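# Remarks on the overall topology
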Amino acid sequence: MSTVKCVGILTSGGDAPGMNAAIRAVTRSAIYNGMRVKGIYRGYKGLILDEIEEFKTQNVSNIIQRGGTILKTARCVEFKTPEGRKQAYDKLQEHGIDALIAIGGDGTLTGARIFAQEFNFPIVGLPGTIDNDLYGTDTTIGYDTALNTIMECVDKIRDTATSHDRLFFVEVMGRDAGFLALNGAIASGAEAAIIPEISLEKDQLAEMIENGFRKSKNSSIVLVAESEVTGGAMGVAERVKKEYPQFDVRVSILGHLQRGGSPTAQDRILATRMGVAAIDALLDDQRNVMMGIQNDQIVYVPFSKAIKNDKPINRDLLNTLRVSSI
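Residues numbered from 1 in each chain as written. Predicted model: local features only at pLDDT ≥ 70, side-chain atom pairs only at ≥ 80, totals over all residues. Heavy atoms only, no water.

Selection rule: UniProt positions are given in the numbering used here, feature names are shortened, and annotations may be inferred rather than shown by experiment.
As recorded in an unreviewed UniProt entry, the protein goes by the name ATP-dependent 6-phosphofructokinase, listed as coming from Parabacteroides distasonis CL09T03C24. Taken directly from UniProt, the Function (unreviewed entry) text for the protein runs: "Catalyzes the phosphorylation of D-fructose 6-phosphate to fructose 1,6-bisphosphate by ATP, the first committing step of glycolysis." The UniProt entry for the protein carries the following text under Sequence similarities (unreviewed entry): "Belongs to the phosphofructokinase type A (PFKA) family. ATP-dependent PFK group I subfamily. Prokaryotic clade 'B1' sub-subfamily."

Okay, structure coming up:
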């Protein structure tokens, strides 16, 4: 049986819709299982600065529908140093926290893994990132909401693109991963997606135009992942203006719109399932694992795998987009 009597919760890195649902589930599941709960504000930075508060059931009432994170989030340079991590460990000891639930993306879990190894401290991670780029889980908390936001925005952009016979390049998030761009393009009926996973293999823009792009359409929309590899929407648009001056090109960068908003039912359910499972994992003496979901089943993914392995894009979806956009 687990010896964990008090659990700390923090959110770190970029915020994602559904983080509040996860905080709520972790808090209530811990209390249900007889544990005390401490909310840590502003991620690892707040842990070092002692921004820690006891959480009761009422602290997480009426938050499941809210975007962002009630615990706030911040980048923390100090936590990347051994001295900063020692300060964080001292604060955990001071507050009697026996285990930590860290909600965030790749950077959050990387920090958690190093900390857990240095101090032999139990940490369970929840994948909270709109990019959906963590290995070992079919989807991450926030991804579905961001995808729906992209779809709604592109639907509106299409109205003006059609009215003016324009080619729109819409930039979406996903620095190293094209999940949002590819699935966003399929969901919104876009003509193509330019993603980092394929950019290293071939010239996606040239292929798109050579394949008779816009042959039967007056207006077109192409989603571009914000990546150094793709050049982003601005980079692609500049190239079109030089190489294909016949096109009337416009750019729309969705930016932080994609992070906000009330989480979808899917994200609320996923976050709640993972939050409850995180406490179950601690009760089962699991540590240094990320909660994942595979084929609708909760799984434990070692931090080392979740962080080090690149999550592959489903290549069948590229063909689906190509076929459905003629």
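### Examining the overall build of the protein
As a reminder of what qualifies: Counting from the N terminus, the helices are the DSSP runs of H or I reaching at least four residues and the strands are the DSSP runs of E reaching at least two. Computation of the radius of gyration draws on C-alpha atoms, with the globule rule given as 2.2 Å multiplied by the number of residues to the power 0.38. Whether a residue is buried, partly exposed or exposed follows from its accessible area with a 1.4 Å probe, protein chains only, as a fraction of its type maximum: under 20%, in between, or over 50%, in that order.
Looking only at helices and strands, the protein features 12 helices and 11 strands. Its C-alpha atoms give the protein a radius of gyration of 21 Å, within 12% of the compact-globule value 20 Å for 326 residues. Counting only C-alpha atoms, the protein reaches 65 × 35 × 35 Å along its principal axes. Out of the 326 residues in the protein, the part that is buried amounts to 55%.

### With respect to the UniProt feature "binding site: Mg(2+)" (unreviewed entry) in the protein
The cut-off we apply is this: Should any heavy atoms of two residues lie within 4.5 Å, those residues are counted as being in contact.
Using the residue numbers shown here, the UniProt feature "binding site: Mg(2+)" (unreviewed entry) corresponds to D106. Mapped onto the secondary structure, D106 falls in helix α4 (residues 106–119). On the basis of relative accessible area, D106 is assigned to the partly exposed category, the value being 36%. Discounting residues that sit within four places of it in the chain, D106 has contacts with L134 and I307.

### Describing the pattern of salt bridges
A side chain of one charge can pair with a side chain of the opposite charge when the charged atoms of the two come close. Applicable threshold: Salt bridges are identified by distance alone: a Lys or Arg side-chain nitrogen within 4 Å of an Asp or Glu carboxyl oxygen.
Counted by the stated rule, this structure contains 12 salt bridges. The partner of R239 in a salt bridge is E243, and the shortest N-O contact between them spans 2.9 Å. Taken together, the positions of R239 and E243, both in helix α9 (residues 232–243) and 4 residues apart, correspond to about one turn of that helix. The class of R239 is partly exposed, set by a relative accessible area of 25%.

### With respect to the sheet that holds strand β2 (residues 36–40)
Note: strands within a sheet are paired through backbone hydrogen bonds, in either parallel or antiparallel orientation. To keep it simple, the criterion reads: A pair of strands is considered paired only if DSSP assigns at least 2 bridges between the two. Axis definition: a line fitted to C-alpha atoms, over the contacting stretch in the case of helices. Angles run 0 to 180 degrees between N-to-C directions.
Taken together, 7 strands build an open sheet; the order of strands is β3-β2-β1-β4-β5-β10-β11 and the sheet is mixed. Of all strands in the sheet, those bounded by a partner on one side alone are β3 (52–55) and β11 (297–302). Taken over all neighbouring pairs, the strand axes of this sheet differ in orientation by 30° on average, direction set aside. Here β2 pairs with β3 via 4 bridges, running antiparallel. Directly across from V37, in β3, lies its bridge partner F55. Helix-sheet contacts for helix α10 (residues 265–283) involve β1 (6–11), β4 (99–104), β5 (123–127), β10 (289–294) and β11, and the interaxial angle to β10 is about 135°.

### Thoughts on the environment of R315
With respect to the element layout, R315 can be found in helix α12 (residues 315–324). Taking the relative accessible area as the measure of exposure, R315 reaches 42% and is therefore partly exposed. Spatially, the C-alpha atom of R315 lies 9.6 Å from that of I198, the residues being 117 residues apart in sequence.

### Focus: the domain arrangement of the protein
Rules: For the domain bounds, the source is a domain assignment made automatically or taken from a database. Note: buried area is the sum, over both parts, of the accessible area (probe 1.4 Å) each one loses when the two are combined. For this analysis, a polar contact is any N or O atom pair within 3.5 Å, provided that within protein one partner can donate a hydrogen and the other can accept it, and provided that sequence-adjacent residues contribute only side-chain to side-chain pairs. Under the scheme applied, nonpolar residues are Ala, Val, Leu, Ile, Met, Phe, Trp, Tyr, Cys and Pro; charged residues are Asp, Glu, Lys and Arg; polar residues are all the others, including Gly.
If you check the domain split of the protein, you get domain 1 (4–140 + 262–306) and domain 2 (142–258). Computed over C-alpha atoms, the centres of domain 1 and domain 2 are 34 Å apart. Taken together, the 14 residues of domain 1 in the interface contact 13 residues of domain 2. Both faces considered, domain 1 and domain 2 share a buried interface measuring about 1,000 Å² in area, 57% of it formed by carbon and sulfur atoms. The largest contributions to the domain 1 side of the interface with domain 2 come from I130, D131 and N132, which together make up 49% of the buried area. Our enumeration of links across domain 1 and domain 2 arrives at 8 residue pairs in polar contact (both at pLDDT 80 or more). Considered class by class, the residues forming the side of domain 1 that touches domain 2 number 4 nonpolar, 7 polar and 3 charged.

### Here's the deal with the nonpolar core
The nonpolar side chains of a soluble globular protein tend to be buried with one another. Applicable threshold: Among the buried residues, those of types Ala, Val, Leu, Ile, Met, Phe, Trp, Tyr and Cys that are joined through side-chain atoms within 4.5 Å form a nonpolar core.
In this structure, I101, L126, L180, I221, L223 and M291 are the most contacted members of the largest nonpolar core, which totals 65 residues. Counting 27 residues, the second-largest nonpolar core is a separate cluster that includes I48, I52, L100 and A116.

### Describing unusual backbone geometry
Located in the positive-phi region is D50, a residue other than glycine, with phi close to 70°. In this fold, D50 is placed in the loop between α2 (43–48) and β3. When its relative accessible area of 29% is taken as the criterion, D50 is described as partly exposed. Even without a glycine there, the phi angle at N132 is positive, about 60°. Mapped onto the secondary structure, N132 falls in the loop between β5 and α5 (143–164). On the basis of relative accessible area, N132 is assigned to the buried category, the value being 3%.

### Concerning the packing of aromatic side chains
Short version of the rule: A pair of Phe, Tyr and Trp rings is counted when the ring centres sit within 6.5 Å of each other, with Trp represented by its six-membered ring. The angle between the planes then sorts it: under 30 degrees is stacked, over 60 is edge-to-face, the rest tilted. A ring is considered to have a charge above it if a Lys NZ or an Arg CZ atom is located within 6 Å of its centre and within 35 degrees of its normal.
Evaluation of the coordinates by the stated rule reveals 9 aromatic pairs. Seen from their ring centres, F115 and F121 are 5.9 Å apart, and the 70° between their planes marks the pair as edge-to-face. Within the aromatic cluster, the residues linked to one another by ring pairs are Y44, F79, Y89, F115, F119 and F121. Just above the ring of F179 sits the side chain of K311; from NZ or CZ to the centre is 5.3 Å.

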